[in-house]
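Commentary on secondary and tertiary structure
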Amino acid sequence: MTQLQNTYARPRPQLAFTRVCALTEIPDQLGVCALVGGQQVAVFRLGAQVYALGNRDPFTGANVISRGLTGSYGERLKVVSPLLKHGFDLETGLSLDKPEVALPTYPVRLEGGDVWIGLPD
Amino acid sequence: MPPIPPIALPADPTCPPRRVVVIGNGMVGHRFVESLTPSAFAVTVISEEPRLAYDRVHLSAHFDEPRPDLALATEAGYAALGVKVVYGRAEHVDREAKTVTVRGQTETTLEYDALVFASGSSPFVPPVPGKNAPGCFVYRTLEDLEAIRAGALKSRVGVVIGGGLLGLEAAGALRKLGLETHVVEFAAQLMPAQLDEGGGAVLRGIIEELGIGVHTAKATSEITVEGGQVTGLAFSDGTHLAADLVVFSAGIRPRDDLARACGLATGERGGIVIDDGCATSDPAVYAVGECALHAGRIYGLVAPGYQMARVLAARLSGEDSSFTGADLSTKLKLLGVEVASFGDAKGATPGSRALSLTDNVRGTYKKLTLSEDGTTVLGGLLVGDSSAYGDLLDLTLSQTVLTVPPETLIVPLLPGVAAAPANALICSCEGVRASTLIDAVQGGVCDVAGLKKCTLAGTGCGGCVPQLHDLLGAELLRLGKAVDRSLCEHFVHSRQELFDLIRVHGHQTWNAVLAAHGTGQGCEVCKPAVGSILASLYNEYILKPAHAPLQDTNDAYLANIQKNGTYSVMPRVAGGEITPGKLIVLGEVARKYDLYCKITGGQRIDLLGARLEQLPAIWRELVEAGFESGHAYGKSLRTVKSCVGDTWCRYGVQDSTSLAIQLELRYRGLRSPHKLKGGVSGCTRECAETRGKDFGVIATEQGWNLYVSGNGGVTPKHAVLLAEGLDTATLIKYLDRFLMYYVRTAGRLERTSTWLEKLPGGLDYLRGVIIDDALGLCTELEAAMQRHIGTYQDEWATTLADPDKLARFRSFVNADTPDPDIVFVEEREQRRPAYEHELPLLAMAGTD
């Protein structure tokens, strides 16, 4: 569950959105880490799409997901942790190696060239 | 024996699954559990050993380096099947109440509907005085092996009592531990159960040549002991053999004590009596494997045990299946010697005739037992070369009437004459024939793992796995299918093909390469591979916007990521030569940023523990002091290690340090399929250990000797001599060509050693390309290297000059704080990452 232009048209009363950076601050196909309400969020940009997931690699405990390589598997997109190369679905956060493991995902808003991340209020 | 009716499953699906308790988790017990349909049963396994099933057939491999994982089962795998494991010893069976009591850390009582003994066997220790003295061991479990390893540390001479199959395996283990090894056998020959006199004699010859003492027709009367430690064996003929370690491997005894205690029928000489359905005298209790006695026979091999396991699993599932005895044919490799026995190996059939070939030149023995008229093979023996085993076993079991003179079956083939096994038995453990495997390949299986999965071939003793590889390769070739060498799901090309495509088409960017040759969005495999190829070809700054997304984290941040997400910084110290001033700078930078310091094997200094946002500041100080990136993070040239050479050393004959610096500066930054390391030694004493490098140069009075394709790591390999007596200019010319040829033609992550191994034609071919210019490539290779040298840049300095790039070196895009989860503790006066178990303590200390 991530960036969709129409998501913020729907009311989501429990979410508070924080601006984290300009879209141009995220180079295409790469990620950055944002601090949102004390949580580390890895924010990736693939073309005009932006995805936000937890920055902590559950397999190693290190906050490195934002530094992972992005790519695709089949029809879906993934990010691969730089430490031990565990893959995660970019949209769902699900581990591609161990089904019971997943990264948290965060809703994203794009507004006037800025990237906003939503967190439960 | 009358046929036993299959046991019907409860017809009512609401019935709870039947509770099956398995005593023992050896190879056969595990195979039984695997063969059951898990959903239909509630299975509990009792394991006396502290670990689940492992491969006992290859036990001596436990002493190999690297140590292979012998495990057959894992707790996670069992959990996934819903199998429960209870660790401990089954101590009591109440057949009335249908319960088993297990003594582990606690006492557990398990209820069963079906109880399966898979308790295996225990080693037989002959009742000789001294058998329990320190220094005496048995050979059965991994714990036994660990005890032997510990004992071997204090020992010089080891003796195995028992010259059978297990005894020779144990002798192999002692030899691997570096002991002077002897084998003592009561019978007049080795492997008396399997071999005849002729086979035993040839086997003895081969084993003695390995340096193992063989003592046959020796009855051990006593283990001599002095001061509580074994000193040797005394034999009944009055002779003595000195030894400080003794391993008993004189046979096995079925573990039937618990079965006996609960009143099950057992054999006079041991073994739980079972029928063709593996049922004991109690129809709710079964036995499989080495603890079972079937038709008066104990089977000490794994294949019959597996057969019983399958029969029983089928029966419990309501299928009709019977164990009616097993073929004892077997093929083994003992101490590296191939030994096989099949059918009527020793000519027990009345009227049978023998045909044998003893070849003391090759060290082989082959014997066939033939029917009286000589037209059918009844069995045979093979020692030293068992390659014909599959075909001969096939002829034996199928009772084929021979169409060729029988002697041609055991005479070595003339070169150029192909053996034509129509449908050879490839895997005798699982009874898989070539036709089954070929069908699988034709059905779409394209790797050995797939063959194992769908045919089970190679999952028993594993002896046929090399044949599986050969068969697969041959069949794929025959089908016109390429063996799959695609880089990943996005590129069907190998790295080498992709390199040529990019070079020939002149693609400059990832987007161009992907659009022309790939699919999808790329991944962690193809992106760095393409990034590396582009860097090898054009040597552009790897963090240019077009290239940055291709780089793995080390290249992306020009430093080596560590387990807690911090990085290590390693400046170049070419040839390992450094001034006191620069050493002081390294020390000062390390002190300022509190970096952990370590001297590396490549004669450099590693500074560890830098946070992402600290990297540019650290580099700036280093670059200002005259350092540059050492490319420790890249799949590229790392270091050229050197000794002090004739500048200082009284033995040196050439200036190795200057050459090492020259080479390191020449090839620095060269992106390659894998890391590259070099070395230069100033004399043949080889203090720079250059033969463990991708390229090594050793000085002689006649000039430089150039060695290539060595490496350390998991499979160390010495570099091999490419050319000798070279002057410096020729040496550099050859090295330019060698490195560029490797960069162009190797597979992804293929070191120079494996690359050379796979190169058709090997070293001679490489010499042809590099020295004789057999492919006419040399000018091009040298020009490519010249281009690389001319376009070199220090990646740290380039990054420091680019504010856009520096913006990437922050822990957070929206905050200038460090990652609060990076926690260090102090050890030996430096920082290191805190271990997970240390974190709560630190948190508590922080609240004080």
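Residues numbered from 1 in each chain as written. Chains lettered and ligands numbered in written order. Predicted model: local features only at pLDDT ≥ 70, side-chain atom pairs only at ≥ 80, totals over all residues. Heavy atoms only, no water.

All names here are of chain B. In total, this model carries 12 aromatic pairs over all chains according to the counting rule given. Their ring planes at 45° and their centres at 5.8 Å tell us that Y557 and Y567 sit as a pair that is tilted. Of this pair, Y557 sits in helix 15 (residues 553-557) while Y567 sits in strand 30 (residues 567-569), placing them 10 residues apart in sequence. A relative accessible area of 5% places Y557 in the buried class. Classification of Y567 as buried rests on a relative accessible area of 0%. (Phe/Tyr/Trp six-rings, centres within 6.5 Å; stacked < 30°, edge-to-face > 60°. Helix = DSSP H or I, 4+ residues; strand = E, 2+ residues; numbered from the N terminus. Buried < 20%, exposed > 50% of the residue type's maximum accessible area, 1.4 Å probe, protein only.)

Before going further, it helps to examine the side chain of B:T455. Residue placement: B:T455 occurs in helix 10 (residues 448-455). Side-chain polar atoms of B:T455 contact the backbone oxygen of B:L451, separated by 2.6 Å. (Polar contact = N/O pair within 3.5 Å; in protein donor to acceptor, adjacent residues only side chain to side chain.)

Attention shifts here to the sheet that holds strand 1 (residues 15-22) of chain A. All names here are of chain A. Strand order in this open sheet of 3 strands is 1-10-9, and the pairing throughout is antiparallel. Either end of the sheet is taken by a strand with one partner, and the two such strands are strand 1 and strand 9 (108-111). Recorded for the sheet is a direction-independent mean angle of 30° between the axes of neighbouring strands. The pairing of strand 9 with strand 10 (residues 114-120) spans 4 bridges and is classified as antiparallel. (Pairing = 2+ DSSP bridges. Axes fitted to C-alpha atoms, helices over the stretch in contact; angles between N-to-C directions.)

On to the pattern of salt bridges. Residue and element names in this part refer to chain B. In the structure shown here, the tally under the stated rule is 51 salt bridges over all chains. Here D113 makes a salt bridge to R19, at a shortest N to O gap of 3.1 Å. Separated by 94 residues along the polypeptide, D113 in the loop between strand 6 (107-111) and strand 7 (114-117) and R19 in strand 1 (residues 18-23) bring together distant segments of the chain. Classification of R19 as partly exposed rests on a relative accessible area of 34%. Two residues, R828 and E827, come together in a salt bridge whose shortest N-O distance is 3.3 Å. Ionic contacts of the salt-bridge type, sharing partners, join the residues R31, E34, R310 and E430 into one network. (Salt bridge = Lys/Arg side-chain N within 4 Å of Asp/Glu carboxyl O.)

Residues and elements named next belong to chain B. Pairing is mixed across the open sheet formed by 3 strands, whose spatial order is 18-20-21. Two strands lie at the open edges of the sheet, namely strand 18 (272-274) and strand 21 (297-298), each paired on one side alone. For strand 20 (residues 292-294) and strand 21, the ladder comprises 2 bridges, and the chain directions are antiparallel. Counterpart to H294 in the pairing with strand 21 is R297.

With that out of the way, let us pick up the packing of helix 9 (residues 434-442) of chain B against helix 10 of chain B. Residues and elements named next belong to chain B. Contact pair helix 9 / helix 10: the axes reach a minimum separation of 10 Å and the direction vectors enclose 120°. In the packing of helix 9 onto helix 10, the handedness of the crossing is right-handed. Across the interface between the two elements, T436, L437, A440 and V441 of helix 9 pack against L451, C454 and T455 of helix 10. When grouped by side-chain class, the residues that make up the contact of helix 9 with helix 10 number 5 nonpolar, 2 polar and no charged. (Left-handed = near helix turned anticlockwise from the far one by under 90°. Contact = heavy atoms within 4.5 Å. Nonpolar A, V, L, I, M, F, W, Y, C, P; charged D, E, K, R; others polar.)

The next point concerns the interface of chain A and chain B. Facing the 30 residues of chain A at the interface are 35 residues of chain B. Summed over both sides, the interface between chain A and chain B buries roughly 2,500 Å², with carbon and sulfur atoms accounting for 53% of that surface. Viewed at the interface, chain B and chain A are joined by 2 salt bridges. As a salt-bridge pair, A:K85 and B:D552 come within 3.4 Å of each other at their nearest N and O atoms. The interface formed by chain A and chain B contains 16 residue pairs in polar contact (both at pLDDT 80 or more). Listing elements by their share of the side of chain A that touches chain B, those giving two or more residues are strand 1, strand 2 (31-36), strand 3 (39-46), strand 5 (69-73) and strand 6 (76-80) of chain A. (Buried area = accessible area lost by both parts, 1.4 Å probe.)

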